[in-house]
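Each chain, written out:
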Amino acid sequence: PRNGSQFVYFGMLPIDPMSEVAKALIPYTRGVLDALGMKHGPSHGEIIMTESGPCLVEMNCRAHGGDGNWAPLARKLTGGKYFQIEATVDAYLEEEEFQKLPDVPPSPLKAHGLEVNLVSYSRGKVKSMPGFDVIKRLPSFVWLSPAASIGSEVTFTVDLITSPGGCVLMNDDPEVLDKDLNFIRYLEEINGLFVYETKGESLARPTAATFGVGSGKKLHRRDLSLDRPGLMRIMSVDRPELRGGLTKRFTTVDASKEVVVVVDPYSTGCLVVQEIQSRGYKVIALWTKGFSEEMKTHVPLHCGAMSYHAEVTEGDNPGETQRELYKAAGTLRIVACIAGGEAGVDTADVMSERLLVRTNGAKGVFANRRDKKVQQELVKAAGLRSIRQAAGKTFADVEDFLRKESYPLVLKPTDSAGTDGVKLCHNFEEAKDHFDALFEVEAVNGGYNTEVLCQEFLRGKEYVVDTVSRDGEHKTMAVWVYDKRPANGAAFVYFGMLPVDSGSTEAKLLVNYCHKVLDALALKNGPAHVEIIMTASGPCLVEVNCRAQGGDGNWRPLARRLAGG
């Protein structure tokens, strides 16, 4: 299943005639031909192997189609001696040659290869087709037939008709063949086949100032790069050729009768939804009140069109939201409530507690665990290294701190996501200007900032520890280090993220500190994306994001490979 379709053709693989499957298919097919009175000529029979044995789908009384592009591979499979096209002519015109043909192909087959149907996870008007040129350079390449051209429209692949093309791969070395196939699948996932005549769109909600109306008050501008090629995608979590030895896990419950609530599923949250759905569960999308319509469309292109059992908008109070969720679930049992993104953390904590499913709780100080100021206070109370800070809803609340603390200082919204609104200020005037500006700019998740956090500037490398917890048992998924450098007048620009060996001294310090931070925040269940700076005195928390790492999940294929697949 892909792109909302129940079955999408990824290709066709040859089967050894001495395999158990072939031993059942061949006599069954001959019986079908006899039943149909098919005495002469080629046929192309489609059969499904059911639990009770082979069953005919249809018998096409002609040669295999597809423009005969499979012919070079078919000939090689028999050792270069014959294939269906030649045998067809022999059957009608050369009886002696036909009699020389064996009843079945040789075993083992004399070549390694397959026919590949290309799959599109995006759509648009084609500007260029760089991926097709790359495919032609693969060691296993035999033939390529694009179904798209420059200027044509490509859409999501849901059947054979919407496939953007096909190719045949063949190689004497099966390992090289697998690598080439994997590379083609990777090209599809990163949208490497095509460059479209489209541009990215801002996800920020339009305001009155956008249209030149309203108070006329100048709003702080967030610079967005809209012209970067959207090439970062991810590989599929369930495609066999990318999965290696990973075994499908089955649950002991009937997932078809259960439903999971995901709060604000956007960016990586969409991948979480699809992982849940792949295990048989239904999903209800719960959108928090005020969450922007534009952010609801922030779906990684490789996810295709998202579909839910139901969509619910947060009510005026938790009780109303709970009633709407039960109404949407109907006869299904709600078994989990998960944050699909930063904006959904607080609501997920509240609703999971009310729905009596696994929860981090939302009582007392933990009601605002997403608040960066609260995080530092809880970490400090636990006796861990924390940042000197001050927060306020007015400048008077932080003025004394800004005048006494050594510069530079970091200013950011208390509930920011990623680097939204974060700035390194080098003097009092710059800090005051940015403090005021943060109340005028729209937050990346929608809405406007209500409080600003001022913090000491930590000197040292910044790391990320990604974790998943269940009932207080924390498991570290990956450790990363940011590659940050000054550029274009900015104090720090992110150039990338590198994995850190879990056996290194720095990783051991970071993981130990991170787990203590999670305990201090009573973050007992679910994923966390924890940012930590290694100072001269040891690890110090920057912030805990109580959800999975963002970035549309583009890091996932690397993270999977780092863990051995």
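What counts as what
- Residues numbered from 1 in each chain as written.
- Predicted model: local features only at pLDDT ≥ 70, side-chain atom pairs only at ≥ 80, totals over all residues.
- Heavy atoms only, no water.
- Helix = DSSP H or I, 4+ residues; strand = E, 2+ residues; numbered from the N terminus.
- Contact = heavy atoms within 4.5 Å.
- Areas by Shrake-Rupley, 256 points an atom, 1.4 Å probe, with all protein chains shown as cover.
- Pairing = 2+ DSSP bridges.
- Axes fitted to C-alpha atoms, helices over the stretch in contact; angles between N-to-C directions.
- 1 Å grid on protein atoms, 1.4 Å probe; cavity = no way out; pocket = protein on both sides within 12 Å on 5 of 7 lines; lining within 4 Å.
- Points joined across faces, edges and corners; volume = space filled by probe spheres on them.
- Nonpolar A, V, L, I, M, F, W, Y, C, P; charged D, E, K, R; others polar.
- pLDDT = per-residue confidence, 0-100.
- Phe/Tyr/Trp six-rings, centres within 6.5 Å; stacked < 30°, edge-to-face > 60°.
- Lys NZ or Arg CZ within 6 Å of the ring centre and 35° of its normal.

**Looking at the overall build of the protein**
Okay, so step 1: Scanning the protein from N- to C-terminus turns up 16 helices and 22 strands.
Okay, so step 2: Taking the contacts inside the protein whose residues are at least 6 apart along the sequence as the reference set, 67% of them involve residues at least 24 apart.
Okay, so step 3: As presented, the protein carries roughly 29,400 Å² of accessible surface, and 54% of it is formed by carbon and sulfur atoms.

**Some points on the sheet that holds strand 12 (residues 310–313)**
Okay, so step 1: Taken in spatial order, the four strands of this open sheet run 12-11-10-13, and their pairing is parallel. Sheet topology places strand 12 and strand 13 (333–339) at the edges, where each strand pairs with a single neighbour. For this sheet, the mean inter-axis angle between neighbouring strands, taken without regard to orientation, is 25°.
Okay, so step 2: Packing of helix 10 (residues 318–329) onto the sheet brings it into contact with strand 10 (258–263), strand 11 (282–287), strand 12 and strand 13, and relative to strand 11 it is tilted by some 150°.
Okay, so step 3: Across the sheet, helix 11 (residues 345–354) lies against strand 10, strand 11 and strand 13, angled at about 150° from strand 13, the strand it touches most.

**Remarks on empty space enclosed by the protein**
Okay, so step 1: In this structure the tally under the stated criterion is two cavities of 30 Å³ or more.
Okay, so step 2: A volume near 50 Å³ is recorded for the second largest cavity.
Okay, so step 3: Every residue lining the second largest cavity is counted, twelve residues in all, and those nearest its centre are Ser120, Tyr121, Glu188, Asn191 and Leu193.
Okay, so step 4: The class makeup of the residues in the lining of the second largest cavity is six nonpolar, four polar and two charged.

**A word on the confidence of the model for the protein**
Segments scoring low in pLDDT should not have their predicted coordinates read at a detailed level.
Okay, so step 1: Confidence along the protein averages 86 in pLDDT terms, with 88% of residues attaining 70 or more.
Okay, so step 2: Below a pLDDT of 50 lies the segment residues 199–252, which in the model reaches 91 contacts outside its immediate sequence neighbourhood of four places, other chains included.

**Some thoughts on the sheet that holds strand 5 (residues 124–128)**
Okay, so step 1: If you walk across this open sheet you meet the three strands as 7-5-9, and the pairing is antiparallel. Looking at strand neighbours, the two that pair on one side only are strand 7 (153–154) and strand 9 (195–196), the edges of this open sheet.
Okay, so step 2: Here two bridges tie strand 5 to strand 7, and the two strands are oriented antiparallel to one another. Note that in strand 7 the partner of lysine 125 across the bridge is glutamate 153.

**A closer look at the packing of aromatic side chains**
Okay, so step 1: Evaluation of the coordinates by the stated rule reveals nine aromatic pairs.
Okay, so step 2: Look at tryptophan 287 and phenylalanine 291: their rings are 5.8 Å apart centre to centre, the planes differ by 15°, and that puts the pair in the stacked class.
Okay, so step 3: Cation over ring: arginine 403 sits above phenylalanine 428, and NZ or CZ is 4.1 Å from the ring centre.
Okay, so step 4: Its end group placed over the ring of phenylalanine 495, arginine 485 keeps NZ or CZ at 4.1 Å from the ring centre.

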